[in-house]
Amino acid sequence: MDTFKKIIAIMAAPILMSISPVECRRIVDLSYDMDNNALTYPINPRLNYTVVHKGKYGTVPWLQFGNIEFGVHTGTHVDSPNHFSKGGLEPHQIRLERLMGPGVVINVKDKVKKDIDYAVTDKDLMNWEAKNGKIPKGAIVLMNSGWGAMYPDFARVFNSTTYKQDQSTLHYPGFHLNAAQWLVNNRDVNAIGVDTPSADNGRSTTFPVHQLIMGEGILIVENVANMDKLPHNGAYIYLPMLKFKGASGAPARMFAAIEDEGDRTNGAATLSKHVSAVAILFLVKLLVA
């Protein structure tokens, strides 16, 4: 057994040495502040935070706490499959490994300047692959439309002064159904995301992208922040949504970890290497214990 332990340790050493420390990565916050200005769809209640106590509390020099009320689809948030799919997974049922994946950023800012209702197409996805390689398994595919510059001004984000009374007046970019269908048919992704209030563009009234994507158990992330700080590929995205039970989604402190330029890859191979290394580390500890 001692010889076996040594062999395992020797095999694991070069893999363990290849793990990049957290300090070697650039971390990008992809979420907005959750305050009383947090954006949500017009039919949802606005976030309301009230301070219950702030100041001295008995002999304690400082204590602060409060109450918060909001719709679950507020700010940067993740739609769980049950949002548009009866019987779909609720937030507390989503496996943690589905809440992370290689980042794929589809930049359509120039197209949106010409058409504010632009929808990412299957051709946009194929053009991305022609330049960057195949969209990896478990990817989180994000639309960068430049719409984040409007946040959190409701009238500018929805491009309507009557957004509260008439949702037919909304205008903003999203995903086209043919892009969603192409991903479902050809790739195995964990989520799609947008820097707008909805994965379906503002003109949509039947939300076909939501219906298709949610029906396949794929997640949707909306109101993604700081999209311009992400590379087209090479980032690893995390979606730590709150573990609500019975809800149709939840806010998330979404963020990305980006490798240094000299060590940037398309994500899938890098993750596999890191996960394997961690697994071997635990195995070695177990064997030498």
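Please refer to the structure placed before this passage.
Overview of the structure.

Rules behind the numbers
- Residues numbered from 1 in each chain as written.
- Predicted model: local features only at pLDDT ≥ 70, side-chain atom pairs only at ≥ 80, totals over all residues.
- Heavy atoms only, no water.
- Helix = DSSP H or I, 4+ residues; strand = E, 2+ residues; numbered from the N terminus.
- Buried < 20%, exposed > 50% of the residue type's maximum accessible area, 1.4 Å probe, protein only.
- Contact = heavy atoms within 4.5 Å.
- Areas by Shrake-Rupley, 256 points an atom, 1.4 Å probe, with all protein chains shown as cover.
- Phe/Tyr/Trp six-rings, centres within 6.5 Å; stacked < 30°, edge-to-face > 60°.
- Pairing = 2+ DSSP bridges.
- Axes fitted to C-alpha atoms, helices over the stretch in contact; angles between N-to-C directions.
- Salt bridge = Lys/Arg side-chain N within 4 Å of Asp/Glu carboxyl O.
- Polar contact = N/O pair within 3.5 Å; in protein donor to acceptor, adjacent residues only side chain to side chain.

**Details of the overall build of the protein chain**
Thinking step 1. If you tally the helices and strands in the protein chain, you get 7 helices and 13 strands.
Thinking step 2. By the burial criterion, 46% of the 289 residues in the protein chain qualify as buried.
Thinking step 3. For the protein chain, contacts bridging at least 24 residues in sequence account for 74% of all contacts bridging at least 6.
Thinking step 4. Just so you have it, the protein chain exposes about 14,900 Å², and 56% of that area is on carbon and sulfur atoms.

**Looking at the packing of aromatic side chains**
Aromatic ring pairs: the centre-centre distance and the angle between the two ring planes describe each pair.
Thinking step 1. Across all of its chains, the model carries 10 aromatic pairs by this definition.
Thinking step 2. Taken together, a centroid distance of 4.9 Å and an interplanar angle of 15 degrees make the contact between tyrosine 238 and phenylalanine 255 stacked. Of this pair, tyrosine 238 sits in strand E11 (residues 235-238) while phenylalanine 255 sits in strand E13 (residues 255-258); the two residues are 17 residues apart in sequence, bridging distant segments of the chain.
Thinking step 3. Residue classification places phenylalanine 255 among the partly exposed positions, given a relative accessible area of 27%.
Thinking step 4. Within the aromatic cluster, the residues linked to one another by ring pairs are Tyr41, Phe84, Phe154, Phe158, Tyr163, Tyr172 and Phe207.

**Here's the deal with unusual backbone geometry**
Thinking step 1. Of note, the bond from tyrosine 151 into proline 152 is cis; its omega dihedral lies within 30 degrees of zero at 0 degrees.
Thinking step 2. With respect to the helices and strands, proline 152 occurs in the loop between strand E7 (140-144) and helix H4 (154-157).
Thinking step 3. A positive phi angle, close to 60 degrees, is found at asparagine 223, a residue other than glycine.
Thinking step 4. Within the element layout of this structure, asparagine 223 appears in the loop between strand E10 (219-222) and E11.

**With respect to the sheet that holds E13**
Thinking step 1. Pairing is mixed in the open sheet, where 9 strands are placed in the order E1-E13-E11-E5-E7-E9-E10-E4-E12. In this open sheet, the two strands that pair with only one neighbour each are strand E1 (26-29) and strand E12 (249-251). Between one strand and the next, the sheet's axes are offset by a mean angle of 25 degrees, whatever the strand orientation.
Thinking step 2. Pairing of strand E5 (residues 100-107) with E7, which is carried by 5 bridges, proceeds in the parallel orientation. For isoleucine 106, the partnering residue across the bridge sits in E7 and is methionine 143.
Thinking step 3. Lying on the sheet, helix H3 (residues 122-132) is in contact with E5 and E7; it crosses E5 at an angle near 105 degrees.

**Description of the pattern of salt bridges**
Thinking step 1. Taken as a whole and judged by the stated rule, the model has 7 salt bridges.
Thinking step 2. The partner of lysine 111 in a salt bridge is aspartate 124, and the shortest N-O contact between them spans 2.4 Å. Residue lysine 111 is found in helix H2 (residues 109-114), and its partner aspartate 124 is found in helix H3; the two are separated by 13 residues along the sequence.
Thinking step 3. Here glutamate 129 makes a salt bridge to arginine 187, at a shortest N to O gap of 2.8 Å. With a gap of 58 residues between them, glutamate 129 in helix H3 and arginine 187 in the loop between helix H5 (177-186) and strand E9 (191-194) connect regions that are remote in the sequence. Like arginine 187, glutamate 129 is buried.

**Observations regarding the pairing of E7**
Thinking step 1. The buried fraction of E7 is high, at 5 of 5 residues.
Thinking step 2. Going residue by residue along E7, you find Ile140, Leu142 and Asn144 tucked away on one face and Val141 and Met143 tucked away on the opposite face as well.
Thinking step 3. Here E7 pairs with E9 via 4 bridges, running parallel. Pairing of methionine 143 across the sheet is with valine 194, part of E9.

**Quick word on the side chain of asparagine 144**
Thinking step 1. Here asparagine 144 lies in strand E7.
Thinking step 2. Engagement of the side chain of asparagine 144 in a polar contact is seen with the backbone nitrogen of glycine 146, the distance being 3.3 Å.
Thinking step 3. Residues in contact with asparagine 144, not counting those within four places in the same chain, are Val105, Ile106, Asn107, Val108, Lys109, Asp195, Met227 and Asp228.

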